[in-house]
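So the chains spell out like this:
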Amino acid sequence: TQVMYMYYLLGHRLMELPIPVERKEMIAQNTYLLTLDGDIDFQPHAVHLLIDLMKKNQNLGAACGRIHPIGSGPMVWYQMFEYAIGHWLQKATEHMIGCVLCSPGCFSLFRGKALMDDSVMRKYTTTSQEARHYVQYDQGEDRWLCTLLLQRGYRVEYSAASDAYTHCPEGFNEFYNQRRRWVPSTVANIMDLLMDYRRTIQINDNISMPYIIYQIMLMGGTILGPGTIFLMLVGAFVAAFHIDNWTSFQYNVIPIFLFMFVCFVCKSNIQLFVAQILSTAYALIMMAVIVGTALQLGEDGIGSPSAIFLIALSSSTFIAACLHPQEFFCVVHGFIYLLSIPSMYLLLILYSIINLNVVSWGTREVAVKKTKKLIAAAILSAVYSLIMMAVLVGVALEMNQDGILSPGSLFLFFVAGEIIVTACLHPREFHYLLRGIIYYIFIPSTYLLLNIYVICNVNNIAWGTRDNVTAKKTKQVTSIQFHFHRKSLI
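Values in this document were obtained by computation on a predicted structure and should not be read as measured data.

What counts, and at which threshold
Residues numbered from 1 in each chain as written. Predicted model: local features only at pLDDT ≥ 70, side-chain atom pairs only at ≥ 80, totals over all residues. Heavy atoms only, no water. Pairing = 2+ DSSP bridges. Helix = DSSP H or I, 4+ residues; strand = E, 2+ residues; numbered from the N terminus. Salt bridge = Lys/Arg side-chain N within 4 Å of Asp/Glu carboxyl O. Buried < 20%, exposed > 50% of the residue type's maximum accessible area, 1.4 Å probe, protein only. UniProt positions renumbered as here; feature names shortened; annotations may be inferred.

1. Some words on the sheet that holds strand 5 (residues 155-167)
Item 1. The five strands lie next to each other as 1-4-3-5-2, forming an open sheet whose pairing is mixed. Only two strands of the sheet have a single neighbouring strand rather than two, namely strand 1 (32-36) and strand 2 (41-42).
Item 2. As defined by bridge partners, strand 1 adjoins strand 4 (residues 107-111) across five bridges and the pair is classed as antiparallel. If you follow Leu36 over to strand 4, its bridge partner there is Phe107.

Structure representation (structure tokens):
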């Protein structure tokens, strides 16, 4: 529908006018498309501010305003603080040192000439063919469109005074399914921009090398985020409950493995149910950690490293809130945000990654029937994956005891070194090394279970992935032929 409206307004209504081409270009330069969600609420003044930005900079391809989530309940309170710090800190920083990476489709203004660029609209209408296309193109189309604009040299800006109000998810399941789309789409589009950064810097005057380094740091933080939160929980357990590090590690790794196992083998509703239980448990634990941290700070004083870090972190948020007095009340919801950190930065990331194959929007899943063999293989693969992760931790501990010159350490260094050297000889594909951990975890599944499955089903000559589609097409063709012959006879 987006493409249909764009082609109608820009292609039919504009390009088919009986006027010179120069006049059409001028009209396209001053034609703006306002994208909205059905539940958005705004005032005309908010649109006027975005139009003023467009008039000031002729190279501005898109502009967005300050989105305020509205609704009721704890999930809405969490999003109010999340949206606030996201706009106060990240989006404002992107606006000042480079370009905003995403102009949200719920309330944004796009320039007609920028959308009519062949390299923008033609690529935006591309049908997804590869696996990453479904994530990058379909799961976050507004971010994908902004990525195309930036790669063509256009600027994307943010207006903090242009306020719009949208109804955000109020339920846990709806929120998780929404972010299950947003997280992979965000990572995919930023990676696309970073991998093509040389050409983007040459074409786009608003994107510099320091800005690219800033985005690389954010991407690194995103990748390391789940592991950082896990280590934070381990340390928090030690401080709050006065247990040793290894016991704390065991208490934290067991529920995470359990959640991963559920995500691999169970349906979405069961995954979300387990996520709710774990989120509630972690929220209670975070409350205990806060109390323990407060007691620890009382003993150590405000000059301790923990106290200095906590004061610096809270002060940055408090100062940003003071600079936005009309939104200062959002700071109150920071307590909910703090309690939800393990859920949103650990469980949600795992849920998004493990369900990466789900390309629907969360409310339109079509049930897929699995054979008992595939269900058994999925369960065993998940079990073996957990075992391989435990083996990896055990090997690391063993290497720490035996030293780097032990036979096991030398063998591991030889294998890893060979792969790293090969990757260095292919610098454009070096990022594939990041997926090595996934390859390692699935070794028992792909080299043992898969071969057994192939040998035991050697009599099955079906393609496996096109049976339903082929049957559906056959029925359609048969129906068409029947109606055609029937019409010819009549």
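Let's pick the thread back up.
2. With respect to the pattern of salt bridges
Item 1. Scanning all chains against the criterion turns up six salt bridges.
Item 2. Residue Arg179 is joined to Glu82 by a salt bridge in which the shortest nitrogen-to-oxygen separation is 2.7 Å. With Arg179 in helix 9 (residues 172-195) and Glu82 in helix 4 (residues 74-97), this pair connects stretches of sequence that are 97 residues apart. The burial state of Arg179 is the same as that of Glu82; both residues are buried.
Item 3. When the shortest N-O distance is used, the salt bridge between Arg155 and Glu157 registers 2.7 Å. This pair shows no difference in class: Arg155 is buried, exactly as Glu157 is.

3. Observations regarding the environment of Met287
Item 1. Summarising the element assignment, Met287 is placed in helix 13 (residues 268-300).
Item 2. Residues Met287 and Asn459, spaced 172 residues apart in sequence, show a C-alpha to C-alpha distance of 58 Å.

4. As for the pairing of strand 5
Item 1. Here strand 2 pairs with strand 5 via two bridges, running antiparallel. When the bridges of strand 5 are listed, Asp41 appears paired with Tyr165.
Item 2. Pairing of strand 3 (residues 60-70) with strand 5 involves ten bridges; the strand directions are parallel. Note that in strand 5 the partner of Ile70 across the bridge is His167.

5. Structural notes on the UniProt feature "transmembrane region" (unreviewed entry) in the chain
Item 1. As annotated by UniProt and renumbered to match this structure, "transmembrane region" (unreviewed entry) occupies residues 216-243, 249-266, 273-296, 302-323, 335-354, 374-397, 404-425 and 437-456.
Item 2. The distance separating the terminal C-alpha atoms of residues 273-296 is 34 Å; by composition the span is 100% helix and 0% strand.
Item 3. Secondary structure over residues 335-354 splits into 95% helix and 0% strand, and the C-alpha atoms at its two ends are 29 Å apart.

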